[in-house]
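Breakdown of the fold
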Amino acid sequence: MGTLQRALLLSTGISPHLEALVMRGGRLGVAEMPAHVGVLVHSEQGVVLFDTGFAPRLRRAVRPFPDLLYPVLVPWRDGRSAVSQLPDYGICAREVRHVFVSHLHPDHVAGLRDFPNATFHLSPEAWLALRDARGLARVVAAWMPQLLPEDFGARVRWIDRFTGPALGAFPATCDLFGDGTLRAVPLPGHAPGQLGLLADGGDKGRLLFAADAAWLSRAVRERRSPSRLSDRLTWSPAARDLTLERLNKLWWEDADTRILLTHCPEHRVGELW
Ligand SMILES: [Zn+2]
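Let us look at the structure shown here. (Residues numbered from 1 in each chain as written. Predicted model: local features only at pLDDT ≥ 70, side-chain atom pairs only at ≥ 80, totals over all residues. Heavy atoms only, no water.)

**Digging into the sheet that holds strand β9 (residues 182-186)**
Note: strands within a sheet are paired through backbone hydrogen bonds, in either parallel or antiparallel orientation. Which entries qualify depends on this criterion: Note on pairing: two strands pair once DSSP finds at least 2 bridges between them. Helix and strand definitions follow DSSP, with helices as H or I runs of at least four residues and strands as E runs of at least two, each counted in order from the N terminus. Contacts are residue-level and defined by heavy atoms, with any inter-residue pair within 4.5 Å sufficient. Fitted lines through C-alpha atoms give the axes, limited to the stretch in contact for helices. The angle between two N-to-C directions lies from 0 to 180 degrees.
Pairing is mixed in the open sheet, where five strands are placed in the order β8-β9-β10-β11-β12. The sheet is open, and its two edges are formed by β8 (174-175) and β12 (257-260), each paired on a single side. On top of the sheet, helix α9 (residues 237-253) reaches β11 (206-209) and β12; it is set at about 135 degrees to β12, its chief contact.

Shown next as structure tokens:
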């Protein structure tokens, strides 16, 4: 039985967005939104990443048409990539044995190629819904297969058996390593097959990496969906709103579980525990 020994949060770049767009009732000012990466050190499974954030190769990937439309929808300023920050914490890329991929949007997968020893954990729905998208439909779905390593398919472990215990109003989870330390939680809506990751550090506390289920913590606390304008870029607004309702309940009813959103500027980066 393994344990989680350490948890870190990194920021890999900043996306400026109108707050009123990312949250109904938000300001008409700009919210500076980071792209976080979670780092978990497991006693037996090694280093596990939650997503990989921005990486310099994304700039190159968006030069040709139609991908050059992506920065129009999601502008960003580059920060330091996850792979370049890990040595600050005594971790090297080769030690990363697992990457949990919440969903396949570029700001979550641009760093996948930096971790050659990692197995990729993701939902088959995330892959099946996007793999045949072409042209403008592909850009609107924010799908850039060129960011994935050539051997991606051979390194995938699909998360598709949700037989683990419920988490609040979320009916079931999937235990990644069979020891209860890391459990996948379905967070559908924002993107097909989006998954969150519940990290149980025992006495150190529980963290729910909730990806893009909401963009701001205030949106979770006050149950505020993104603006209707952004619904066009949302996989299923109805599923997103149900996910938000469940997260909101968890926020108010489970003080032991800290909810971490990929893009919320309220979260402090560095050592979590
Ligand atoms: Zn996303």
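**Brief notes about empty space enclosed by the protein**
Our working definition: Cavities and pockets are defined on a 1 Å grid built over the protein atoms alone: a cavity is a set of grid points where a 1.4 Å probe fits but cannot escape, while a pocket is an open set with protein on both sides within 12 Å along at least five of seven lines, and lining residues are those with an atom within 4 Å of any such point. Grid points are joined across faces, edges and corners, and a volume is the space filled by probe spheres set on the points. Under this grouping Gly is polar, as are all residues other than the nonpolar Ala, Val, Leu, Ile, Met, Phe, Trp, Tyr, Cys and Pro and the charged Asp, Glu, Lys and Arg.
With the rule as written, the count across this model stands at three cavities of 30 Å³ or more. Of the voids in this model, the largest cavity is the one considered here, and its volume is about 50 Å³. Around the largest cavity, the lining residues are His 190, Asp 212, Ala 213, Ala 214, Trp 215, Pro 226, Thr 234 and Arg 240. When the residues that make up the lining of the largest cavity are grouped by side-chain class, the tally is four nonpolar, two polar and two charged. Estimates place the volume of the second largest cavity at around 40 Å³. Lining the second largest cavity are Leu 9, His 36, Val 37, Phe 50, Phe 209, Leu 260, Leu 261, Thr 262 and His 267. When the residues that make up the lining of the second largest cavity are grouped by side-chain class, the tally is six nonpolar, three polar and no charged.

**A word on the coordination of the zinc ion**
To keep it simple, the criterion reads: Atoms of type N, O and S within 2.8 Å of a metal are treated as its donors, and for Na, K and Ca the window is 3.2 Å; water is not considered, so some sites may appear to be missing partners. A site with four donors is called tetrahedral when every donor-metal-donor angle falls between 85 and 135 degrees; four donors are called square planar, and six octahedral, when opposite donors sit more than 155 degrees apart and all other angles fall between 65 and 115; any other arrangement is irregular. We call a residue buried when its accessible area falls under 20% of the maximum for its residue type, exposed when it is over 50%, and partly exposed in between, using a 1.4 Å probe and counting protein chains only.
Coordination of the zinc ion by the protein comes from His 103 (NE2), His 105 (ND1), His 190 (NE2) and Asp 212 (OD), over a distance range of 2.1 to 2.3 Å. In this structure, the zinc ion is surrounded by four donor atoms whose angles at the metal cover 89 to 169 degrees, and the resulting shape is irregular. Linear spacing of the donor residues for the zinc ion on their chain is H-x1-H-x84-H-x21-D. Taken together, the positions of His 105 in the loop between β5 (96-100) and α5 (106-109) and Asp 212 in the loop between β11 and α8 (217-221) put the pair 107 residues apart, joining distant regions of the chain. Of the two residues, His 105 and Asp 212, neither departs from the other in class, the shared state being buried.

Purely geometric stuff here, so don't read any function into it on its own.
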